[in-house]
Amino acid sequence: KSKFHKPQTLGFRNGYTVTPPPKVGIGGETIRNTLLEDSVDLSQLSTSKPEMIYGQAKQAPEEDYIPAHVAFDKKVLCFQGYFKQAVHESADEYYRIRNVKIYYYLEDDSIAIVEPPLRNSGMPQGKLIKRQRLPKDNFGNTWHWKDINLGISLSAYGKVFQVYDCDKFTQDYLESEGIVVNPPEVPPPDPYTEKRNITLRTYNTPSDEDKLKRFLNLDKKVLRFFCVWDDRDSMFGELRPYVLHYYLVDDTIEVREVRQQNDGRDPFPLLISRQKVPLNRQAIPSSFPTSVLELSSQELKEFIVPSDLRIGRTLNILGRRFLLYDCDFFTQNYYYQRYNVTDFTPVDVTERRPPPPKKEIPPYNGFGSIEDSEQSCRTLVPQPPKKDFMKMLEFNNVVLRYEAKFVNPRPEDATRRFVITYRLADDLMLIYEPRQRNSGIVGGKFLERTRVAKPGCDPNKPEYYGPRDFAIGSVIVVYGHKFVITDADDYVFHHVEVFNSQFPSEVVESMRIRKAEKDQIRQEQQQKEMKKTKNMAAPVRNEQELDELVRTIQAQLKRENYMNSNSLQEAFLQCDKDRSGRIDRDELATLCDKFNLPCDAQLLRTLINRCDVNNDGLIDYWEFSRFLNWN
């Protein structure tokens, strides 16, 4: 065969593509016209439309219509189930198991759930859900008998019913409809019902021991054990000693605390008061509500007795572990006579603690005083350093004043002078610079009152300047400023003389030399003043000169508004011991200087000389006061 071309099978009709059957085969071969020659096609035709071969089938007679309420009348599927009901505010039960019967009516697919009545249940029972079609979900579907089987949960109106069994008719019906029935289950028991089905109460015959006889024989007989509470497993726990007393008269136990000096605890004598202690407090039923009720003798049966107490045994008393390590002599005799125990070797419970760390004071950091810094390291709550009150009482208001100047000063500081004030009550030093006019330097406080350490000393153990270091001519260094002591006041000279044993010899000697120099200078000044006073003014010759002198002095007093004339007269009277009306001339001049009489010294001396009429050195002070009265 040499021709293998295919015939054309593509065509168009009314604008649509059509595929007409080929008229010739491949290579121009002719095609047979019979379309049902294949056996396969003939078999398909005979099976799809047998009436074309065998003819029309005979029609079956129509059956009578039977409605569902007639066909399934009194045919009810019965399932057995239960649901759990929570019980609130009850100490006897937490939930209840309530058994129900589920009736499925085949005639209208309705369901009724009924709880069989139980006598003396105290609950409303009977029909829980009346006969109706129960909704299955939120899409409008209802429960059908095809959805119910053993072991499933049927939910209706917020309650979940667990199906665990069914009757014989229900099982046969489901199996006839091709449903495999699950094996039945055993429902859980009701806890409250099981609790009520208890055995009858039993009675124990009391022993022959008389309580009065026991009281008379065992009163004031106490077993004494020494024990420790080992709480080192918890945070900040430790080994604490206690004393355990066992009272034989009523089998009660008390645990007393052993007080130790400086243990830091409040003085509570009893850790556990006198009571009966259970041997195992955890051996109670799990259903007992311990958070609501207390344990009683009905739950706790076994208590600690003398046979449970032995040296070396650990007891769990109310959640605490106590190790018995020793006992007293009476307890040893009791156990020997009662239990024939002879080994009373005490257990060594001494806690071997490492030595406490050495307390070291950190070095001084320069902030504040060294006493304040050291005091904050010695106590947990910082306290101010303690003061020497005896020294404060002895040297109260005792102040030593020294005069000083700079060592090798600059030209502008050559005239600056300083007053160093040292207070003996608290050893504080103050440096003050008196103000000088036209010096260009603002005077005032140069150094606040503080303690000044000597240069080059140990910062942790400083040495401070004191009166023993203040000799005339000695140099002190105050925070980089060098001062030389040039002078001191009279009180310093007196203090050094009185307490010369407390000062170095060079300080005492320098003060004595300086005091002698100042005394000599004072005497020379007094002599010059006396000579100057005598030669100050010539005596007034006549009354006109006297009036002119008095007016001049009164004008000065009035200009200064002097108001101490009465006080000056009282001072005059005190000096006049014999009430003669006349006092010494030099004493009168001294009183005028003391009361700060604002008058020219030369005019005042002239007036005093004028009042000395007899030139005997005595002045009529009443006349002198009259001259001074400017009012």
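Here the structure is a predicted model, which is why all the values come from computation and not from measurement.

S.K.: Honestly, helix α4 (residues 168-176) in this entry has me stumped. Any pointers?
M.R.: Spacing of three or four residues puts side chains on the same side of an α-helix, whose turn is 3.6 residues. Among the residues of α4, Thr-170, Tyr-173 and Leu-174 are the ones counted as buried. Looking straight down α4, one finds that the buried residues subtend no more than 95° of arc, so they occupy a single side. Turned more than 90 degrees away from the buried face of α4, the exposed residues are Lys-168 and Ser-176.

S.K.: When you look at the sheet that holds strand β17 (residues 428-433) in this model, what are you seeing that I'm missing?
M.R.: One open sheet accounts for six strands, arranged β18-β17-β16-β15-β20-β19; its pairing is antiparallel. Only two strands of the sheet have a single neighbouring strand rather than two, namely β18 (444-450) and β19 (475-478). Within this sheet the neighbouring strands show an average axis-to-axis angle of 30°, counted without direction. Pairing of β17 with β18, which is carried by four bridges, proceeds in the antiparallel orientation. Paired with Ile-431 across the bridge in β18 is Leu-447. Sheet strands in contact with helix α10 (residues 490-498) are β15 (399-406) and β20 (481-488), and its direction is about 120° off that of β15.

S.K.: Sorry if this is basic, but what is going on with the side chain of Glu-115 here?
M.R.: Secondary-structure assignment places Glu-115 in strand β5 (residues 110-115). For Glu-115, the side chain forms a polar contact with the side chain of Arg-98, separated by 2.6 Å. Contact partners of Glu-115, with chain neighbours within four places excluded, come to Arg-98, Asn-99, Val-100, Pro-124, Gln-125, Gly-126 and Leu-128.

S.K.: Mind showing me how you'd approach the pairing of strand β9 (residues 222-230) here?
M.R.: For a regular strand, side-chain orientation follows a simple rule: the groups alternate between the two sheet faces. Bridging between β9 and strand β10 (residues 239-247) involves nine bridges; their strand directions are antiparallel. Bridging from a neighbouring strand, Phe-226 pairs with Val-243 of β10.

S.K.: I keep staring at the pattern of salt bridges and nothing clicks. Help me out?
M.R.: Where charged atoms from two side chains of opposite charge approach closely, those side chains can pair. Per the stated rule, a full pass over the model turns up 33 salt bridges. Here Glu-433 ties to Arg-416 by a salt bridge, and the two come within 2.8 Å at their closest N and O atoms. On the criterion of sequence distance, the pair formed by Glu-433 in strand β17 and Arg-416 in the loop between β15 and β16 (418-423) is long-range, its members being 17 residues apart. Across the salt bridge formed by Glu-448 and Lys-445, the nearest N and O atoms sit 3.5 Å from each other. Take Lys-445: its relative accessible area is 52%, and that puts it in the exposed class. Among the charged side chains, a salt-bridge network with shared partners connects Arg-410, Glu-412, Asp-413, Arg-416 and Glu-433.

S.K.: How do you make sense of the packing of aromatic side chains when you look at a structure like this?
M.R.: Considering all chains together, one arrives at 20 aromatic pairs under this definition. Aromatic pair Phe-225 and Tyr-335: ring centres 5.9 Å apart, planes at 80°, arrangement edge-to-face. Here Phe-225 is found in strand β9, whereas its partner Tyr-335 is found in helix α7 (residues 329-339), with 110 residues between them in sequence. Per residue, the accessibility class of Phe-225 equals that of Tyr-335, and both read buried. Both rings, one in Tyr-402 and one in Phe-470, keep their centres 5.1 Å apart while their planes meet at 65°; by these two values the pair is edge-to-face. On the criterion of sequence distance, the pair formed by Tyr-402 in strand β15 and Phe-470 in the loop between β18 and β19 is long-range, its members being 68 residues apart. Each member of the pair Tyr-402 and Phe-470 is classed as buried. For Lys-84, the ring lying beneath its charged end belongs to Tyr-95, and the centroid distance is 5.1 Å. The ring of Trp-143 carries the charged tip of Lys-136 above its face, separated from the ring centre by 5.6 Å.

S.K.: Mind showing me how you'd approach the sheet that holds strand β6 (residues 126-132) here?
M.R.: Spatially, six strands are ordered β6-β5-β4-β3-β8-β7 in an open sheet, and the strand pairing comes out antiparallel. With one partner strand each, in any of the chains shown, β6 and β7 (153-156) form the two edges of the open sheet. In this sheet, neighbouring strand axes are inclined to one another by 30° on average, regardless of whether the strands run parallel or antiparallel. Relative to strand β8 (residues 159-166), strand β3 (residues 76-86) runs antiparallel, the two being bridged by four bridges. Residue pairing across strands places Phe-79 opposite Cys-166, the latter belonging to β8.

What counts, and where the lines are drawn
- Residues numbered from 1 in each chain as written.
- Predicted model: local features only at pLDDT ≥ 70, side-chain atom pairs only at ≥ 80, totals over all residues.
- Heavy atoms only, no water.
- Buried < 20%, exposed > 50% of the residue type's maximum accessible area, 1.4 Å probe, protein only.
- Helix = DSSP H or I, 4+ residues; strand = E, 2+ residues; numbered from the N terminus.
- Arc of directions from axis to C-beta.
- Pairing = 2+ DSSP bridges.
- Axes fitted to C-alpha atoms, helices over the stretch in contact; angles between N-to-C directions.
- Contact = heavy atoms within 4.5 Å.
- Polar contact = N/O pair within 3.5 Å; in protein donor to acceptor, adjacent residues only side chain to side chain.
- Salt bridge = Lys/Arg side-chain N within 4 Å of Asp/Glu carboxyl O.
- Phe/Tyr/Trp six-rings, centres within 6.5 Å; stacked < 30°, edge-to-face > 60°.
- Lys NZ or Arg CZ within 6 Å of the ring centre and 35° of its normal.

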